[in-house]
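Residue-level structural notes
Read off the chains here:
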There are 2 protein chains.
Amino acid sequence: MTDNVNYNVQQANDSHLSKVVLNSPLSMPNACAFLWNPQMLLQANCRGYVVAQHMQPEPAKYSYAPNIEAKTFIQPEHNYFAHHPGRFFYIKDEATGELFSAPHEPMRVKVDSYQFIASSNEIKWQISHLQLNITIIVTLTAEDVVERWSLTVENLSKEFRIISVYPYFSIGYMSWMNQSASFNSELNAIVADSVTPYQKVEQYFENKNLKDKTFLASNKKPDSWHCNQQFFEGEGGLHNPDAIQDKTLGNIEAIYQQPTAVMQFREKLVSGRKVEYEFLFGPASTELAIQQMREKYFGGRNLDFHAKQYIKYLNQGNGCLHLETGDVEFDEFVNHWLPRQMFYHGDVNRLSTDPQTRNYIQDAMGMCFIQPNKARLAFITALSQQHSNGAMPDGILLHEKAELKYINQVPHADHGVWLPICLSVYLSETGDKSLLHEQIPFNDITQTRSFIEHIELALDYLLNATDHRGLSFIEQGDWCDPMNMVGYKGKGVSSWLSLATIYAVRSWCEICEQYNLNIDIDKYREYLFAEKAMIAAVNKHFWDGHWYARGITDNNVVFGGHNDSEGRIYLNPQSWAILSNCADDEQTEKLISSVKEQLSTPFGMMMLAPSYTAMREDIGRLTQKHPGVSENGSVYNHAAIFYIYSLLKINKIDQAFDLLKLMVPSSETALKTGQLPLFIPNYYRGAYHQFPEQAGRSSHLFNTGTIAWFYRCLVEHLCGITAKGDKIYVSPQLPKKLSSIKGTRIIRGISFEFYITAADIDAIEVIHNGNRINGTILSNIENDKTNKLYIKLPRKEDD
Amino acid sequence: MTDNVNYNVQQANDSHLSKVVLNSPLSMPNACAFLWNPQMLLQANCRGYVVAQHMQPEPAKYSYAPNIEAKTFIQPEHNYFAHHPGRFFYIKDEATGELFSAPHEPMRVKVDSYQFIASSNEIKWQISHLQLNITIIVTLTAEDVVERWSLTVENLSKEFRIISVYPYFSIGYMSWMNQSASFNSELNAIVADSVTPYQKVEQYFENKNLKDKTFLASNKKPDSWHCNQQFFEGEGGLHNPDAIQDKTLGNIEAIYQQPTAVMQFREKLVSGRKVEYEFLFGPASTELAIQQMREKYFGGRNLDFHAKQYIKYLNQGNGCLHLETGDVEFDEFVNHWLPRQMFYHGDVNRLSTDPQTRNYIQDAMGMCFIQPNKARLAFITALSQQHSNGAMPDGILLHEKAELKYINQVPHADHGVWLPICLSVYLSETGDKSLLHEQIPFNDITQTRSFIEHIELALDYLLNATDHRGLSFIEQGDWCDPMNMVGYKGKGVSSWLSLATIYAVRSWCEICEQYNLNIDIDKYREYLFAEKAMIAAVNKHFWDGHWYARGITDNNVVFGGHNDSEGRIYLNPQSWAILSNCADDEQTEKLISSVKEQLSTPFGMMMLAPSYTAMREDIGRLTQKHPGVSENGSVYNHAAIFYIYSLLKINKIDQAFDLLKLMVPSSETALKTGQLPLFIPNYYRGAYHQFPEQAGRSSHLFNTGTIAWFYRCLVEHLCGITAKGDKIYVSPQLPKKLSSIKGTRIIRGISFEFYITAADIDAIEVIHNGNRINGTILSNIENDKTNKLYIKLPRKEDD
């Protein structure tokens, strides 16, 4: 039932934004795009299903499933079904009775032409069918919790026609305590009312100001309306609702029945005539709030003003790098969609009120490339919730009533490593050493300490949280959340965490050196000593002959090594052994070839292989996940990007570039991944040799720590214009597959236009504003004008 | 889209059980029946949707919705939707391609004939369409968690035909951690596998032995199968699945995709040929367990044996009374369906592991009419969880790991009143005074006390939990759970609870008198004094002129009186003022007429009126429920039966009988209630004057404290053969609408055949085994034979 994939990427230019256009609702049925603002998130798939949530201040819904859905975190590989919340438009030709629904659900009629068009600020469908042109657009606002929809219906025929147009917006099962809906003619809106269910009196006061209404407001008066899901559908069902068979919808309320929002607009259209509608859909606490939304957002001038405001908000997310590699799909992705996704993470913290500490800090690292001031604030916020013993909490609480939820109630051992590791990006992008001297409080004592002292406390805590062998305890998980039973008895250790600790210490020492921090010399020596000792310990206990093992369990069993038939090799220890200088050259070559042999797939590197097929009680929950899914051996992009970053560190640019390209959804893999190149998903299915048919399928989950590192790879290695201390360095890497890279880069407020190419030379040649410079450190920088860099790299063999 | 209601009730006789037959899937679309055993519960609606849960030991599912459903208590007015879990059979004529689904969903084809037949031990559908006879039966087993389905397809035409039969059993969204399904040819079953999602390591050990598989086993080898929901449906959808368009289903697995269970049986049927299939559907922890189910339940002899075993289980629920009033629908209900529902409550405690204390005790009261030994045990269990200060807990924990959940986490003030009130039924039915001398522990101290002392502690606790006026504090609710803000600050009082306390004290004093318990005379006088004082206090503070108010809030505001525009009158205080002798004759007449005027509807008495339409923060959650729903002014049958019971106490038999009849679903109200006469629902929609269209609609929730009281009304008042102390009394009441009642009654192991009629006499005449007795106390009872009673009552005016 699928036709060939056919989407295309449209390059941004001055007059319009980057676009991705999909030409069928069948070939990639789960293809989706997302919009957000600081208050809400909306994910629409190409067929009209929508997942939306808003913050009040915890995540909440206003368009529900038809049953009481569990409140939980966003799931990978989200499942759609007939009554999944959606926004549809039934279109009926009153003369012939012909009926279809746009964009595709729930009638699933094969239309004459179909386009799903995702751009940064809006999601659009263009449909032609029954000689009608249908244009549907959804966008958000810069600051409010409301979906703005517009619909245009144009009569393409030469005949006069009567067309009924029925917007159908799911409201669903709101509450067992109280739910109802009716049309409010003053507001010209369907308003559904509910009471968020609760049982304890204290919850009443907590819930009191929740936005318990859902409304669909129109700018035009409907001819009829329907608010009652069951009666709207009747025996016909959602794919052929009874109510639409009649001449009018009958104006039916829902009275402790499942609400829905359907309107009818009966239009007389001469040939060529076009009608336009505007709709607002969202939650509200009062009728007054709905009225205010109407006043604010309806009407042509408002439309234009607020559309620009939203674009203005999104444009705050422009990155500091623009690349032209010649591959439009890749370039559009990294220049537009990647910084957009990074901005989403960094600006609204994935719409979570208690982001995991590791996510929060890495998302802030991404923000260093966009709005370093926000990153600065995030780093301070994170450290202000540090325990005075140096331990970082499992999540960072972002409002006063926020609580640690879900996975953040499980103790993880890695949260201290991220800030030292991510900090160099901030310093490189800004040169702002003042951050390091900020006085910052703790979560448990009244004293403040400097940023530097906080970092050192975190490192000391990590170095102390080691066993007699000098290896890091894993507790109930490290970076890998569901590796929760390796060390829950207090003994198990993690190779990755040991390596990450080394890398964190190394990163900090380099910062101290580059920025002349004058930390205590004994302390500094201690760190150098600890680094060496830990490298030795890791090599002693984890080197498995051809790669590094993943850990040692509470019962002293090494796992992730050649003796294991499942989980024989994990990607992370290999990547971080390179990053932390733990692997020598020989080990590096061996582990790279082991990774290639055992973990590579057409969709990137798997996180481990073979995937576990049964519970291992000395490893944990990871092994119970489905083989190839999430941490159990998917192409988990966060792990894959660490590997790419480590390859770049040792100048394996060709391998790294190939893997970067695989990570971006592309037309080549689209029928397998099912995803458009609008974001990087947290994983593609792995278990490539175990379940080849499913391998490659995207999770469609756009929350991932991957993206900040992806951008870091581009900035630090492909473009290679970075700063250390006061100096700006130029050290790009050019994959053999590219003849050149050109682009622009802004760092510390300074603009560079660069052009990178390869030549038969022995060493890099940099021409800065027409002058060949000595080495790779720039001087005589033009602060006010764009600096021009012409860079030639020695042509090299494949990695 | 509805045709006329057409169901009929078939009387039980020696060869078959009582049956209710519905002849259309359209007129009462939510009509449903339920089956249970001590391990599980299955509710099937007439269209093929099924709600099933089992105990492991907490309630769990094995056939899920298509999204992650919240784990919650059973809801009233359960909502069905296209992908609601169900069990369907697609039937395809391979020659013509014609297709329909039985019983009705998901294709909703109008078939030639349709019957939904509910009997005690099975639910059956008989469908004729396309010249095929389809018979579908589901039943349970006496002890296992498995659904037993059978399907018969008969070729009614004169032609040879090839028919494909496709059982479709929803499995749904099992888990985001791991879900998959495939056909296991050794087991001849589709087996879906999952891991119950969790995040904390301690939950792993708790979940380890859960039944995480769902299977559909067949007694015949299918020609093909399908396990993948998305691909099974394709673009066609559940109402016209793509996979069924093809010749075979293609044997498709689900690999971390939503599982489903579909099989194809391709049959060659000569004219008149009939094929039969058996299916087992349920959860399992291992393949071995599935194999054992197959061996145990497949095959003709097994079928018969286990069917009998299940009937045997259900027959343990026969009641102690059989009535013939001449109204078949009413008689079948009270003789079969009512004790069946009572047995469900009393035997498996509504499949809860922490029943609310008030429910647990009232359900046990019902059990006194069926298996008094079980009631005895329940009373002891309840008292063994009493606090040594006399307070009863909010719920009774039924297994060692059970915890107080949902509403049981909110403190309610009424739990102490129920045992004294319900106890007299046990004593009347059994004469077993030994119960009263049982030594029973507490939940907080090691000492034991006698049953009597426990009861007195409970009463003393209640009498102490009163304010300066002598009125009972309501805390965060009394019988009425959501009346949670009347007294949450510690001051508010409840008229109902005060009256219930009086009634509990009175009941206990009567038991002491009737059974010569020789309790301490000072104690006894104290109770008499307290009773009088409390009656005076209630009359002083709550009598509103024409009825009793409902309470006084924390802020000293009386509510439920003539000053209120909403919640002006509540039913419970009126009923219990009668029961507790608080209302004198004049007050009684006034309140009865107030109730009639303000609370009566064609579906029974509303619990309050007018229903609240907005939150009252000094009353609570009740006022936030939808008007007419649940406690906010529905015909809440538990409250309605108290009123009926109070009318019977004062001999208002005609009013009482009318209300009893209204409570039983009947053909007259069927199109409004939407319910078949298989059980009494917890409510019918009320707010009759506010929402007349919705009024009467059944909640279809068969968990309700109503039924034990309904039966008590029949036993104590209509039949009127009861015991006090050593004596058996005869004091029936005959409504004017009945010319006679005949029936049988078993009490204390003694059988009576009775015939009650009215005559122009002044006082009751009782003829016992042919002898006219003096008064109404029986002597010379035949213990071994059936006693015959011929009773004449004085003809009387209407109440």
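Residue numbers restart at each chain and count upward from 1, following the sequence in its written direction. To label them, take the chains in the order written and letter them from A, then take the ligands in the order written and number them from 1. The model is predicted, so local features are restricted to residues of pLDDT at least 70 and side-chain atom pairs to those at 80 or more, both for listing and for counting; the totals for chains, interfaces and linings are taken over all residues. To obtain the side-chain values, all non-hydrogen atoms of the structure were included, while hydrogens and water were left out.

1. Some words on the side chain of Glu278 of chain B
Residue and element names in this part refer to chain B. Strands here are runs of E lasting at least two residues and helices are runs of H or I lasting at least four, both read from the DSSP assignment and numbered beginning at the N terminus. With respect to the element layout, Glu278 can be found in strand β20 (residues 274-284). Exposure classes here rest on a 1.4 Å probe applied to the protein chains alone. A residue is buried below 20% of its type maximum, exposed above 50%, and partly exposed in between. We treat Lys and Arg as the positive residues and Asp and Glu as the negative residues; His and chain ends play no part in the count. In the sections that follow, a salt bridge refers to a side-chain nitrogen of Lys or Arg positioned within 4 Å of a carboxyl oxygen of Asp or Glu. This buried residue, Glu278, is left without a salt bridge; Arg148 holds the nearest opposite charge, at 5.4 Å. From its side chain, Glu278 meets the backbone nitrogen of Gly299 in a polar contact 3.4 Å long. Not counting chain neighbours up to four residues away, the residues in contact with Glu278 comprise Trp149, Ser150, Ala217, Ser218, Asn219, Tyr297, Phe298, Gly299 and Leu303. Distance and chemistry together define a polar contact, namely a pair of N or O atoms within 3.5 Å, with one atom able to donate a hydrogen and the other to accept it when in protein, and with adjacent residues in sequence counting only for side-chain atoms on both sides. Should any heavy atoms of two residues lie within 4.5 Å, those residues are counted as being in contact.

2. Some points on the relation of the copies chain B and chain A
Each copy of the chain is related to the other by a rotation around an axis and a translation along that axis. Superposition of chain B onto chain A requires a rotation of 180 degrees combined with a translation of 0.0 Å along the rotation axis, giving an RMSD of 0.1 Å. Each copy turns onto its partner about a two-fold axis. Residue by residue, 100% of the interface of chain B is reproduced at the interface of chain A, so both copies engage with the same surface. Copy-to-copy superposition: least squares on the C-alpha atoms, limited to residues that have pLDDT of at least 70 in both copies.

3. Observations concerning the UniProt feature "domain: Glycosyl hydrolase 94 catalytic" (unreviewed entry) in chain A
Following the UniProt record, one finds the feature "domain: Glycosyl hydrolase 94 catalytic" (unreviewed entry) at residues 324-720 of chain A. Secondary structure within residues 324-720 of chain A divides into 45% helix and 6% strand; the distance between the first and last C-alpha atoms comes to 14 Å. UniProt positions are given in the numbering used here, feature names are shortened, and annotations may be inferred rather than shown by experiment.

4. Quick look at the environment of Leu579 of chain B
All names here are of chain B. With respect to the helices, strands and loops of the structure, Leu579 is situated in helix α13 (residues 571-579). Of the residues examined, Leu579 reaches a relative accessible area of 1% and is grouped as buried. For Leu579, the residues in contact, after removing those within four places along its chain, are Tyr503, Tyr645, Ser646 and Lys649.

5. As for empty space enclosed by the protein
Residue and element names in this part refer to chain A. In this analysis, the protein atoms alone were mapped onto a 1 Å grid. Cavities are point sets where a 1.4 Å probe fits without being able to get out; pockets are open sets with protein on both sides within 12 Å along at least five of seven lines; lining residues have an atom within 4 Å of a point. Grid points are joined across faces, edges and corners, and a volume is the space filled by probe spheres set on the points. With the rule as written, the count across this model stands at 6 cavities of 30 Å³ or more. One number sums up the size of the largest cavity: a volume of about 90 Å³. In terms of lining residues, the largest cavity is bounded by 13 residues, among which Val50, Lys61, Ser63, His84 and Pro85 are the most central. Considering each element in turn, the lining of the largest cavity owes the most residues, 3 residues, to strand β5 (residues 50-55). Any residue that is not Ala, Val, Leu, Ile, Met, Phe, Trp, Tyr, Cys, Pro, Asp, Glu, Lys or Arg is counted as polar, Gly included; the first ten are nonpolar and the last four charged. Residue composition of the lining of the largest cavity, by class: 6 nonpolar, 4 polar and 3 charged.

6. Re the sheet that holds strand β15 (residues 189-194) of chain B
All names here are of chain B. With antiparallel pairing, 11 strands are arranged side by side in an open sheet as β1-β2-β9-β10-β11-β12-β20-β16-β15-β14-β18. The sheet terminates laterally at β1 (7-10) and β18 (254-255), the two strands that pair on one side only. Bridge count for β15 against strand β16 (residues 213-218) is 4 bridges, and the pairing is antiparallel. Each residue of the ladder has a partner; that of Val191, found in β16, is Phe215. Against the sheet, helix α4 (residues 287-297) contacts β12 (147-155), β14 (179-184), β15, β16 and β20, and its axis sits at roughly 145 degrees relative to β20. Lines fitted to the C-alpha atoms define the axes, with helices restricted to the stretch that makes contact. Angles between their N-to-C directions range from 0 to 180 degrees. Those strands touched by helix α6 (residues 328-348) are β1, β2 (19-22) and β9 (113-119), and its axis lies near 75 degrees from that of β1. Two strands are counted as paired when DSSP detects at least two bridges linking them.

7. Considering the nonpolar core
Definition of nonpolar core: a set of buried residues of the types Ala, Val, Leu, Ile, Met, Phe, Trp, Tyr and Cys, connected through side-chain atoms within 4.5 Å. By size, the foremost hydrophobic cluster in this structure holds 237 residues, and its most contacted members are Trp508 and Phe710 of chain B. Leave out the neighbours within four places in its chain, and Trp508 of chain B touches Pro420, Leu423, Ile452, Ile455, Glu456, Leu459, Leu517, Ile519 and Tyr527 of chain B. Residues Val153, Ala530, Leu571 and Phe657 of chain A belong to the second largest nonpolar core, which totals 236 residues.

8. Topic: the sheet that holds strand β6 (residues 59-60) of chain A
Residue and element names in this part refer to chain A. Taken together, the 4 strands give an open sheet; going across it, the order is β3-β4-β5-β6, and neighbouring strands pair in antiparallel fashion. Edge positions in the open sheet fall to β3 (32-37) and β6, since each of these has one partner strand only. Alignment of β3 against strand β4 (residues 40-45), held across 6 bridges, turns out to be antiparallel. Each residue of the ladder has a partner; that of Leu35, found in β4, is Leu42.

9. Digging into the packing of helix α15 (residues 637-649) of chain B against helix α18 (residues 706-719) of chain B
Residues and elements named next belong to chain B. Running from amino to carboxyl end, α15 crosses α18 at an angle of 15 degrees, the nearest separation of the two axes being 8 Å. Relative to α18, the element α15 is oriented roughly parallel. The way α15 lies across α18 gives a crossing that is left-handed. For the pair formed by α15 and α18, the contact residues are Asn637, His638, Ile641, Phe642, Ile644, Tyr645, Leu648 and Lys649 on the first element and Thr706, Trp709, Phe710, Arg712, Cys713, Glu716 and His717 on the second. Note that the term roughly parallel is reserved for angles under 35 degrees, roughly antiparallel for angles over 145, roughly perpendicular for angles of 65 to 115, and oblique for everything else. Put simply, a crossing is left-handed when the front helix is turned counterclockwise from the back one by less than a right angle, and right-handed when it is turned clockwise.

10. Quick look at the UniProt feature "domain: Glycosyl hydrolase 94 supersandwich" (unreviewed entry) in chain A
The UniProt feature table records "domain: Glycosyl hydrolase 94 supersandwich" (unreviewed entry) at residues 79-297 of chain A. Its end C-alpha atoms 33 Å apart, residues 79-297 of chain A is made of 12% helix and 46% strand.

11. A short note on the pairing of strand β7 (residues 87-93) of chain A
All names here are of chain A. Here β7 lies mainly inside the structure; 7 of its 7 residues are buried. By the alternation rule, side chains of β7 split into Arg87, Phe89, Ile91 and Asp93 and Phe88, Tyr90 and Lys92, which are all buried. Across 7 bridges, β7 lies against strand β13 (residues 161-170) in antiparallel orientation. For Phe89, the partnering residue across the bridge sits in β13 and is Pro167.

12. Let's talk about the interface of chain B and chain A
On the side of chain A, 66 residues touch chain B, which itself brings 66 residues to the contact. In short, buried area is how much 1.4 Å probe accessible area vanishes from two parts on joining, totalled over both. Roughly 6000 Å² is buried in total at the junction of chain B and chain A, and carbon and sulfur atoms are behind 54% of that figure. Contact with chain A buries surface across chain B, with Gln199, Glu235 and Tyr256 of chain B losing the most and accounting together for 13% of the total. Applying the counting rule to chain B against chain A returns 4 salt bridges.

13. Remarks on the pairing of strand β37 (residues 750-759) of chain A
All names here are of chain A. Where strand β36 (residues 740-747) and β37 come together, 8 bridges link them in antiparallel fashion. Its bridge partner being in β37, Ile747 is matched across the sheet by Ile750. Where β37 and strand β41 (residues 787-794) come together, 8 bridges link them in parallel fashion. The residue of β41 that forms the bridge with Phe754 is Leu789.

14. A look at the pattern of salt bridges
Under the definition given, this model contains 85 salt bridges over all chains. Measuring nitrogen to oxygen at the nearest pair gives 2.6 Å for the salt bridge that ties Arg358 of chain A to Asp414 of chain A. A residue pair is termed long-range when its members are at least 10 positions apart, and Arg358 of chain A in helix α7 (residues 357-367) and Asp414 of chain A in the loop between α8 (372-384) and α9 (418-430) qualify at 56 residues. Exposure remark for Arg358 of chain A: the relative accessible area of 3% places this residue in the buried category. Shared partners join several salt bridges into a network, and the residues in it are Arg47, Glu105 and Arg108 of chain A together with Glu235 of chain B.

15. Notes on the packing of aromatic side chains
Classification of ring pairs rests on two measures: the distance between centres of Phe, Tyr or Trp rings, Trp counted by its six-membered ring, which must be within 6.5 Å, and the angle between planes, read as stacked under 30 degrees, edge-to-face over 60 and tilted in between. Summed over all chains, the structure comprises 100 aromatic pairs over all chains. Plain terms: the ring middles of Tyr645 of chain A and Trp709 of chain A are 5.1 Å apart, the flat faces sit at 70 degrees to each other, and that makes the pair edge-to-face. Here the residue Tyr645 of chain A occupies a position in helix α15 (residues 637-649), and Trp709 of chain A occupies one in helix α18 (residues 706-719), the gap between them amounting to 64 residues. Residues Tyr645 of chain A and Trp709 of chain A agree in their burial class; the two are buried. An angle of 85 degrees between the planes, with centres 5.5 Å apart, marks the rings of Tyr503 of chain B and Trp576 of chain B as edge-to-face. Taken as a pair, Tyr503 of chain B in helix α11 (residues 495-514) and Trp576 of chain B in helix α13 lie far apart in primary sequence, 73 residues in all. Accessibility classification places Tyr503 of chain B together with Trp576 of chain B in one group, the buried group. Of the aromatic side chains, those joined through ring pairs into one cluster are Tyr62, Phe89, Phe116, Trp125, Trp149, Phe169, Phe265, Tyr277, Phe279 and Phe281 of chain A. One Lys or Arg, Arg621 of chain A, reaches over the ring of Tyr198 of chain B and ends 5.9 Å from the middle of that ring. Its end group placed over the ring of Phe34 of chain B, Arg340 of chain B keeps NZ or CZ at 5.1 Å from the ring centre. Two conditions define a charge sitting above a ring: the NZ of Lys or the CZ of Arg must be within 6 Å of the ring centre, and it must be within 35 degrees of the ring normal.

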